[in-house]
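# Survey of secondary and tertiary structure
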Amino acid sequence: MLLSMQGWMKLLGAACILWGAAGCGIWFAGHYRKRIAELEQLKQMVFLLKGQILYASAPLPEALETVGKRSGGALGSLFLETAASLAEKPGESFNSIWKEAVLRMNDTALSKTDRQTLAALGEHLGFLDRETQERTLLLYLEQVDAELGVLREHRQERCRLYTSLGIMGGLFLAVILV
């Protein structure tokens, strides 16, 4: 039995709905994995920053620039942008420059909570002694480790859930609409 033109259009519409919904589910799963990867990169960058401050005795703008150049990506540009802003605005506090730079980050998978925690990191850097800066960086690293532990623990089930929900949601919509 041949399908009429209307039947073919319905079939094509159902396929498009299914394809789009499945793509959304796969995108959410990829976004979850990207968040984990960015938090791991951020953790590594903070370790490098700690080393630059404590062992190389580099001033904060120089340490940020060094770490930003070594890391690259959106997080590397955050560090580079902050270092450049510190050089351009010598009278402004590190905290305000850091918060502005974190708020301007758009091309990242970090959640709102991750960004708030990252912005709070700037409150105790730049103007205190090295020991206090070290404790601040270590506290931030513990927070990132805890978040990464939770994310890694649920990675497989969440990614599978996002993908399955995308496909099943697409099937549901296709059946309802066609």
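Scroll up for the structure.
The sections below set out a description of the structure shown in this document. These figures come from a predicted structure and were not determined experimentally.

Below, the discussion takes up helix H5 (residues 112-121). For H5, the full list of buried residues reads Asp114, Leu118, Ala119 and Leu121. Here the buried residues of H5 occupy an arc of 145° about the axis, which is enough to place them on one side. Summarising the geometry of H5, the exposed residues directed more than 90 degrees from the buried face are Lys112 and Thr113. Summarising the contacts, the buried residues of H5 are in contact with helix H1 (5-54), helix H3 (73-88), helix H4 (94-104) and helix H6 (130-177).

The next subject is the nonpolar core. Counting residues in hydrophobic clusters, the biggest one holds 37 residues, and the most contacted among them are Leu49, Leu64, Leu78, Phe79, Trp98 and Leu118. For this core, the leading source of residues is H1, giving 9 residues.

The next point concerns the packing of aromatic side chains. Inspection of the entire model under this criterion finds 5 aromatic pairs. Note on phenylalanine 28 and tyrosine 162: the rings are 6.1 Å apart at their centroids and 45° apart in plane angle, and the pair reads as tilted. Of this pair, phenylalanine 28 sits in helix H1 while tyrosine 162 sits in helix H6, and the two are 134 residues apart along the sequence. Judged by relative accessible area, which is 43%, phenylalanine 28 ranks as partly exposed. Judged by relative accessible area, tyrosine 162 falls into the partly exposed class, the value being 25%. Seen from their ring centres, phenylalanine 79 and tryptophan 98 are 5.6 Å apart, and the 80° between their planes marks the pair as edge-to-face. Of this pair, phenylalanine 79 sits in helix H3 while tryptophan 98 sits in helix H4, placing them 19 residues apart in sequence. Aromatic ring contacts, followed pair by pair, group Trp27, Phe28, Tyr32 and Tyr162 into a single cluster.

Rules of the game
Residues numbered from 1 in each chain as written. Predicted model: local features only at pLDDT ≥ 70, side-chain atom pairs only at ≥ 80, totals over all residues. Heavy atoms only, no water. Buried < 20%, exposed > 50% of the residue type's maximum accessible area, 1.4 Å probe, protein only. Helix = DSSP H or I, 4+ residues; strand = E, 2+ residues; numbered from the N terminus. Arc of directions from axis to C-beta. Contact = heavy atoms within 4.5 Å. Core = buried A, V, L, I, M, F, W, Y, C linked by side-chain atoms within 4.5 Å. Phe/Tyr/Trp six-rings, centres within 6.5 Å; stacked < 30°, edge-to-face > 60°.

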